[in-house]
Amino acid sequence: MKILNQNIFGGAVLAVVFLCLPLAETQAAQHRISGPGVDNGEEIREQLARMGYYDEDVTGYFNFITSNAVTRFQEDYGLPPTGIVGPLTQMKLENVEMMAKIVHGEARGESFIGKVGVAAVVLNRIESPDFPDSTEEVIFQRNAFTAVIDDQYLLTPNRSAYDAVKEAMDGVDPTMGAVFYYNPAGVTDDWIFSRTVLTQIGRHFFAE
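Residues numbered from 1 in each chain as written. Predicted model: local features only at pLDDT ≥ 70, side-chain atom pairs only at ≥ 80, totals over all residues. Heavy atoms only, no water.

**Focus on the overall build of the protein**
Scanning the protein from terminus to terminus reveals nine helices and three strands. Shown N-terminal to C-terminal, the secondary structure of the protein runs as helices and strands in the order α-α-α-α-α-α-α-α-α-β-β-β. Within the protein, the proportion of its 208 residues that are buried is 39%. Relative to all contacts within the protein whose residues are 6 or more apart in sequence, the contacts with residues 24 or more apart total 56%. When the accessible surface of the protein is totalled, it reaches about 11500 Å², and 54% of it is carbon and sulfur. (Helix = DSSP H or I, 4+ residues; strand = E, 2+ residues; numbered from the N terminus. Buried < 20%, exposed > 50% of the residue type's maximum accessible area, 1.4 Å probe, protein only. Contact = heavy atoms within 4.5 Å. Areas by Shrake-Rupley, 256 points an atom, 1.4 Å probe, with all protein chains shown as cover.)

Laid out in C-alpha coordinates, this is it:
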(Lines give C-alpha, C1' and ligand atoms only; values in the text may rest on other atoms or scores of the structure.)
Protein backbone atom coordinates (compact mmCIF):
# COMPACT_ATOMS: atom_id res chain seq x y z
CA MET A 1 0.00 0.00 0.00
CA LYS A 2 2.87 2.36 0.84
CA ILE A 3 4.46 1.73 -2.59
CA LEU A 4 1.10 2.28 -4.29
CA ASN A 5 0.62 5.59 -2.49
CA GLN A 6 4.12 6.66 -3.46
CA ASN A 7 3.44 5.83 -7.10
CA ILE A 8 0.18 7.74 -7.04
CA PHE A 9 1.85 10.71 -5.37
CA GLY A 10 4.74 10.62 -7.84
CA GLY A 11 2.37 10.50 -10.78
CA ALA A 12 0.46 13.46 -9.41
CA VAL A 13 3.65 15.47 -9.02
CA LEU A 14 4.70 14.72 -12.60
CA ALA A 15 1.27 15.74 -13.84
CA VAL A 16 1.50 19.05 -11.99
CA VAL A 17 4.99 19.70 -13.36
CA PHE A 18 3.85 18.92 -16.91
CA LEU A 19 0.87 21.22 -16.61
CA CYS A 20 2.96 24.07 -15.21
CA LEU A 21 5.65 24.01 -17.94
CA PRO A 22 6.04 26.10 -19.95
CA LEU A 23 4.00 28.52 -17.85
CA ALA A 24 3.64 31.28 -20.45
CA GLU A 25 1.81 28.97 -22.85
CA THR A 26 -0.14 26.71 -20.53
CA GLN A 27 -1.56 29.62 -18.56
CA ALA A 28 -3.09 30.84 -21.81
CA ALA A 29 -5.40 27.90 -22.45
CA GLN A 30 -8.14 30.40 -23.21
CA HIS A 31 -6.16 31.30 -26.33
CA ARG A 32 -6.81 27.96 -27.98
CA ILE A 33 -7.85 28.51 -31.55
CA SER A 34 -11.53 27.75 -30.99
CA GLY A 35 -11.62 28.71 -27.33
CA PRO A 36 -12.93 31.79 -25.53
CA GLY A 37 -11.04 35.01 -26.12
CA VAL A 38 -9.78 34.17 -29.60
CA ASP A 39 -11.27 36.38 -32.28
CA ASN A 40 -9.04 35.23 -35.13
CA GLY A 41 -9.14 31.46 -34.76
CA GLU A 42 -10.23 30.95 -38.35
CA GLU A 43 -7.42 33.19 -39.61
CA ILE A 44 -4.88 31.20 -37.59
CA ARG A 45 -6.13 27.91 -39.03
CA GLU A 46 -5.98 29.34 -42.55
CA GLN A 47 -2.46 30.62 -41.98
CA LEU A 48 -1.28 27.25 -40.68
CA ALA A 49 -2.90 25.59 -43.69
CA ARG A 50 -1.13 27.97 -46.11
CA MET A 51 2.14 27.18 -44.35
CA GLY A 52 1.57 23.46 -44.91
CA TYR A 53 0.93 22.35 -41.34
CA TYR A 54 -2.33 20.56 -42.09
CA ASP A 55 -2.21 17.12 -43.68
CA GLU A 56 -5.99 16.87 -43.54
CA ASP A 57 -8.93 19.20 -44.13
CA VAL A 58 -9.06 22.24 -41.85
CA THR A 59 -11.99 22.09 -39.44
CA GLY A 60 -13.65 24.70 -37.28
CA TYR A 61 -12.88 22.83 -34.09
CA PHE A 62 -9.81 22.60 -31.90
CA ASN A 63 -9.22 18.89 -32.37
CA PHE A 64 -6.10 16.75 -32.46
CA ILE A 65 -5.47 17.72 -36.10
CA THR A 66 -5.32 21.43 -35.23
CA SER A 67 -3.32 20.74 -32.08
CA ASN A 68 -0.82 18.79 -34.16
CA ALA A 69 -0.57 21.65 -36.68
CA VAL A 70 0.12 24.12 -33.87
CA THR A 71 2.69 21.79 -32.31
CA ARG A 72 4.55 21.38 -35.61
CA PHE A 73 4.64 25.15 -36.06
CA GLN A 74 5.97 25.60 -32.53
CA GLU A 75 8.70 23.00 -33.05
CA ASP A 76 9.80 24.64 -36.32
CA TYR A 77 10.00 28.11 -34.76
CA GLY A 78 11.68 27.21 -31.49
CA LEU A 79 8.63 27.50 -29.25
CA PRO A 80 7.48 25.15 -26.47
CA PRO A 81 5.50 22.42 -28.29
CA THR A 82 2.30 22.68 -26.27
CA GLY A 83 -0.20 22.48 -29.12
CA ILE A 84 -1.87 25.56 -27.62
CA VAL A 85 -1.89 29.04 -29.15
CA GLY A 86 -0.70 31.00 -26.15
CA PRO A 87 0.84 34.50 -26.24
CA LEU A 88 4.29 33.38 -27.45
CA THR A 89 2.82 31.37 -30.32
CA GLN A 90 0.32 34.10 -31.13
CA MET A 91 3.10 36.68 -31.44
CA LYS A 92 5.25 34.41 -33.61
CA LEU A 93 2.31 33.64 -35.90
CA GLU A 94 1.61 37.35 -36.31
CA ASN A 95 5.25 38.21 -37.04
CA VAL A 96 5.56 35.40 -39.57
CA GLU A 97 2.34 36.52 -41.27
CA MET A 98 3.46 40.15 -41.51
CA MET A 99 6.81 39.14 -42.97
CA ALA A 100 5.24 36.72 -45.43
CA LYS A 101 2.93 39.49 -46.63
CA ILE A 102 5.91 41.78 -47.24
CA VAL A 103 7.85 39.04 -49.03
CA HIS A 104 4.87 38.16 -51.22
CA GLY A 105 4.05 41.78 -51.95
CA GLU A 106 7.63 42.84 -52.68
CA ALA A 107 9.20 39.75 -54.27
CA ARG A 108 6.63 37.27 -55.52
CA GLY A 109 8.14 37.51 -59.01
CA GLU A 110 11.64 36.82 -57.73
CA SER A 111 13.47 33.54 -57.14
CA PHE A 112 13.16 31.81 -53.80
CA ILE A 113 16.55 33.12 -52.68
CA GLY A 114 15.41 36.61 -53.67
CA LYS A 115 12.41 36.21 -51.38
CA VAL A 116 14.68 35.06 -48.56
CA GLY A 117 16.70 38.22 -49.18
CA VAL A 118 13.67 40.46 -48.63
CA ALA A 119 12.82 38.62 -45.41
CA ALA A 120 16.43 38.94 -44.27
CA VAL A 121 16.34 42.71 -44.80
CA VAL A 122 13.36 42.96 -42.44
CA LEU A 123 15.24 41.00 -39.78
CA ASN A 124 18.42 43.01 -40.35
CA ARG A 125 16.50 46.22 -39.81
CA ILE A 126 15.08 44.91 -36.54
CA GLU A 127 18.64 44.24 -35.37
CA SER A 128 19.97 47.59 -36.59
CA PRO A 129 20.05 50.60 -34.21
CA ASP A 130 19.00 52.76 -37.16
CA PHE A 131 15.56 51.18 -37.46
CA PRO A 132 12.67 50.24 -35.15
CA ASP A 133 13.12 47.07 -33.10
CA SER A 134 9.96 45.11 -33.85
CA THR A 135 8.58 43.39 -36.95
CA GLU A 136 5.45 45.50 -37.01
CA GLU A 137 7.28 48.81 -36.56
CA VAL A 138 9.84 47.98 -39.25
CA ILE A 139 7.24 46.92 -41.80
CA PHE A 140 4.92 49.85 -41.18
CA GLN A 141 7.58 52.51 -40.82
CA ARG A 142 6.57 55.39 -43.07
CA ASN A 143 7.51 54.81 -46.73
CA ALA A 144 9.64 51.80 -45.82
CA PHE A 145 8.08 49.28 -48.19
CA THR A 146 6.35 49.83 -51.52
CA ALA A 147 4.02 46.89 -50.88
CA VAL A 148 2.54 48.69 -47.87
CA ILE A 149 2.13 51.93 -49.80
CA ASP A 150 0.37 50.39 -52.80
CA ASP A 151 -1.61 47.77 -50.82
CA GLN A 152 0.15 44.74 -52.28
CA TYR A 153 0.80 43.91 -48.63
CA LEU A 154 -2.88 42.94 -48.43
CA LEU A 155 -2.42 40.05 -50.88
CA THR A 156 -2.55 36.53 -49.43
CA PRO A 157 0.96 35.04 -49.13
CA ASN A 158 1.73 31.75 -50.83
CA ARG A 159 3.70 28.82 -49.42
CA SER A 160 6.94 30.08 -50.98
CA ALA A 161 6.69 33.37 -49.06
CA TYR A 162 6.27 31.55 -45.76
CA ASP A 163 9.15 29.20 -46.54
CA ALA A 164 11.36 32.19 -47.34
CA VAL A 165 10.52 33.78 -44.00
CA LYS A 166 11.33 30.53 -42.20
CA GLU A 167 14.67 30.33 -44.01
CA ALA A 168 15.57 33.88 -43.00
CA MET A 169 14.48 33.29 -39.40
CA ASP A 170 16.76 30.25 -39.37
CA GLY A 171 19.68 32.58 -40.05
CA VAL A 172 20.03 32.43 -43.84
CA ASP A 173 20.97 35.86 -45.21
CA PRO A 174 21.91 35.94 -48.91
CA THR A 175 22.11 39.76 -48.71
CA MET A 176 25.25 39.79 -46.54
CA GLY A 177 23.61 42.00 -43.93
CA ALA A 178 21.75 44.47 -46.17
CA VAL A 179 19.18 46.82 -44.69
CA PHE A 180 18.00 48.22 -48.03
CA TYR A 181 16.99 46.76 -51.36
CA TYR A 182 15.65 48.28 -54.54
CA ASN A 183 14.84 47.62 -58.17
CA PRO A 184 16.68 50.27 -60.22
CA ALA A 185 13.91 50.26 -62.81
CA GLY A 186 11.39 51.45 -60.23
CA VAL A 187 13.43 53.94 -58.20
CA THR A 188 11.71 57.29 -57.65
CA ASP A 189 14.26 58.76 -55.24
CA ASP A 190 17.91 58.86 -56.31
CA TRP A 191 18.98 58.86 -52.65
CA ILE A 192 18.97 55.07 -52.64
CA PHE A 193 21.85 55.06 -55.12
CA SER A 194 24.06 56.54 -52.41
CA ARG A 195 23.92 53.28 -50.48
CA THR A 196 26.73 50.75 -50.94
CA VAL A 197 25.47 47.73 -52.86
CA LEU A 198 26.42 44.41 -51.29
CA THR A 199 24.90 42.03 -53.81
CA GLN A 200 22.27 41.65 -56.50
CA ILE A 201 19.65 38.91 -56.49
CA GLY A 202 17.33 38.91 -59.48
CA ARG A 203 16.06 42.44 -60.07
CA HIS A 204 16.84 43.62 -56.55
CA PHE A 205 20.03 45.33 -55.43
CA PHE A 206 20.72 44.82 -51.72
CA ALA A 207 22.62 47.58 -49.94
CA GLU A 208 23.95 48.57 -46.54
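**Side note on the packing of aromatic side chains**
Each aromatic ring pair is specified by the distance between its two centres and by the angle formed by the two planes. What the rule picks out here adds up to nine aromatic pairs. A centroid spacing of 5.7 Å and a plane angle of 15 degrees characterise the contact between Y182 and F205, whose relative ring orientation is stacked. Taken together, the residues span a long stretch of sequence, with Y182 in strand β1 (residues 180-182) and F205 in strand β3 (residues 204-207) at a distance of 23 residues. Among the residues examined, F205 registers a relative accessible area of 22% and is labelled partly exposed. Connected via pairs of aromatic rings, a cluster forms that spans Y53, F73 and Y77. The ring of Y153 carries the charged tip of K101 above its face, separated from the ring centre by 5.6 Å. (Phe/Tyr/Trp six-rings, centres within 6.5 Å; stacked < 30°, edge-to-face > 60°. Lys NZ or Arg CZ within 6 Å of the ring centre and 35° of its normal.)

**Thoughts on helix α5 (residues 87-107)**
Look at α5: 30 Å from first C-alpha to last across 21 residues, which is about the 30 Å you get at 1.5 Å a residue. For α5, a buried count of 16 out of 21 residues is recorded, marking the element as mostly surrounded by other parts of the structure. (Expected span 1.5 Å × (residues − 1).)

**A look at the nonpolar core**
Counting residues in each nonpolar core, the largest one holds 40 residues, and the members touching the most others are L48, F73, I102 and V122. The set of elements that each furnish at least two residues to this core consists of α3 (41-50), α4 (64-76), α5, α6 (112-127), α7 (135-139) and α9 (159-169). Top contributing element to this core by residue count: α5, with eight residues. Grouped together as the second largest cluster of nonpolar side chains are six residues, F131, V179, F180 and A207 included. (Core = buried A, V, L, I, M, F, W, Y, C linked by side-chain atoms within 4.5 Å.)

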